[in-house]
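Breakdown of the fold
In case you want the letters, here they are:
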Amino acid sequence: MKLENIRIVLVNTTHPGNIGGVARAMKNMGLADLSLVVPRVFPSGDADARAAGASDILKTASVVGSLEEAIADAHVVVGASARGRNIPWPVMDPHELAGVAASLKEEQKMAIVFGREDRGLTNEELQLCHLHVHIPSVEGFSSLNLAAAVQVIAYELRMVQLKESQGQLQAPKWGTEWDVELAEHRELELMFDHLEKVLVDIDFLDPESPRHLMPRLRRLFQRAVPDKVEVNVLRGMLTHIQKKNDLN
C-alpha cells in the first residue's frame, strides 16, 4: 500500500489549530497529502503551532473551493460519519477501511473526508462517497476531536503498511480484480449528471418530487465501484436513450 496515494480531506474546518493537529497526526503515521475545503482560517500561526514539526504538510496542503474539487481524481472516496443517515450506506470501522486501502492497486487513489467540528459532513457530501467509516467510540461520549479521529484512522493505515512490508498481511478482497482503471470521482459525477437528465427527460424522475431516487442510484453505482469502461458504456446507453427519445 502506498500511503502517498491516500489523501486526507478536511471540509470547512473552523479552528486552524485543528488543521495543525491533523497535520501532526498524519506525519506521525506517514501520510502527507492534505486537502482543505474552504477552511475558515488558513494559513494560521495556530495551525503552525499545533503542527509541532509537521509544518511541511501544511505548506504543501491544497486549499480548494469545493469537496468535489478535493476528491476529483480519487478512485475511492470514504466519508467519516459519526451518525446514521436516512439512506444507509456501506459502513466500515477504521481497521476494515485499512484493509480496503491495502487491497487497492498502486496507482489507485483514496480520499478520506472529514467534516466540520460541530456537525460533520452533510448528507449530500456523504453521498459523494463510496463508503463511510465510523469510529466505534462509546455511546455516551462519542464525539472525537478532529485530529484524534484522523489519528485513529491513520494509525490503522500505518499498521497495515507495516504488516504488508513484513509479509504478514493478507489483505481482504474488496470489490473485484479490476482489469481496467477505476473511474475517478469526476467521471462518476458526469455520469450521475447525465443519468439524472435522462431520467427527467423520459419522465421517470420528477424534479419537483425526486424523493430519494438519485441518492439510491448513487449508492447502487458507487457500491459497484465502476471502472472507466463501465462508466463509458453506461453513458453510451444514456446517449442512445436520449436519441431514441428525441425521435418519438
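Below is a short write-up of the structure. On a predicted model such as this, the values are computed, not experimentally measured, just so you know. (Residues numbered from 1 in each chain as written. Predicted model: local features only at pLDDT ≥ 70, side-chain atom pairs only at ≥ 80, totals over all residues. Heavy atoms only, no water.)

1. As for the pairing of strand 1 (residues 6-11)
The element strand 1 is extensively covered by neighbouring structure, given that six of its six residues are classed as buried. In this sheet, strand 6 (residues 110-114) lies alongside strand 1 in parallel orientation, the contact comprising five bridges. Bridging across to strand 6, L10 finds its partner in F114. Examined bridge by bridge, strand 1 and strand 2 (residues 33-37) share five bridges and lie parallel to one another. Opposite I8, over in strand 2, you have L34 as the bridge partner. (Buried < 20%, exposed > 50% of the residue type's maximum accessible area, 1.4 Å probe, protein only. Helix = DSSP H or I, 4+ residues; strand = E, 2+ residues; numbered from the N terminus. Pairing = 2+ DSSP bridges.)

2. Side note on the nonpolar core
Side chains of a nonpolar character, in soluble globular proteins, are inclined to be buried together. Of all hydrophobic cores here, the largest spans 46 residues; its most connected members are I8, L34, M110, I112, F114 and L157. No other element matches helix 7 (residues 146-165), which puts eight residues into this core. Apart from residues no more than four positions distant in its own chain, L157 is found in contact with M1, L3, I6, L31, A98, A101 and I112. Formed by 15 residues, the second largest nonpolar core is a distinct cluster that contains L67, A111, L121 and C129. (Core = buried A, V, L, I, M, F, W, Y, C linked by side-chain atoms within 4.5 Å. Contact = heavy atoms within 4.5 Å.)

3. Remarks on the pattern of salt bridges
What the rule picks out here adds up to nine salt bridges. Two residues, D56 and K27, come together in a salt bridge whose shortest N-O distance is 3.1 Å. With D56 in helix 3 (residues 55-60) and K27 in helix 1 (residues 16-28), the pair connects residues that are 29 residues apart, well separated along the chain. Among the residues examined, D56 registers a relative accessible area of 38% and is labelled partly exposed. Exposure remark for K27: the relative accessible area of 39% places this residue in the partly exposed category. Residues E184 and R186 are paired through a salt bridge, measuring 2.4 Å at the closest nitrogen-oxygen approach. Taken together, the shared-partner salt bridges in this structure form one network comprising R7, D33, D73 and K109. (Salt bridge = Lys/Arg side-chain N within 4 Å of Asp/Glu carboxyl O.)

4. So, a nonpolar patch on the surface
Together, I202, F204 and I241 give the surface a local cluster of nonpolar side chains, amounting to about 280 Å² of exposed area. Looking at where I202 falls in the secondary structure, it is placed in the loop between helix 8 (185-201) and helix 9 (213-224). (Patch = residues over 30% accessible without salt bridge, like charges linked within 9 Å, V, L, I, M, F, W, Y side chains within 5 Å. Areas by Shrake-Rupley, 256 points an atom, 1.4 Å probe, with all protein chains shown as cover.)

5. Describing unusual backbone geometry
Here F42 and P43 are connected by a cis peptide whose omega angle stands at 0°. Within the fold, P43 resides in the loop between strand 2 and helix 2 (45-51). For A52, which is not glycine, the phi dihedral falls at a positive 45°. By the secondary structure assignment, A52 is in the loop between helix 2 and helix 3. Given a relative accessible area of 46%, A52 falls into the partly exposed group. One non-glycine residue, R211, lies in positive phi territory at about 50°.

6. Things to note about the sheet that holds strand 6
With respect to topology, seven strands assemble into an open sheet ordered 3-2-1-6-4-7-5, the strand pairing being parallel. Here the strands that pair on one side only, and so sit at the sheet edges, are strand 3 (62-64) and strand 5 (91-92). Direction of pairing for strand 5 relative to strand 7 (residues 131-133): parallel, over a ladder of two bridges. If you follow V91 over to strand 7, its bridge partner there is H132.

7. A word on helix 1
With 13 residues, helix 1 extends 19 Å from end C-alpha to end C-alpha; this agrees with the ideal 18 Å at 1.5 Å per step. Counting buried positions over the 13 residues of helix 1 gives ten, a clear majority of the element. Taken together, the buried positions of helix 1 are occupied by P16, G17, N18, I19, G20, G21, V22, A23, A25 and M26. Looking at the packing, one finds that the buried side of helix 1 touches strand 1, strand 2, helix 2, helix 3 and helix 7. G30 sits one or two residues past helix 1 and shows a positive phi near 90°. (Expected span 1.5 Å × (residues − 1).)

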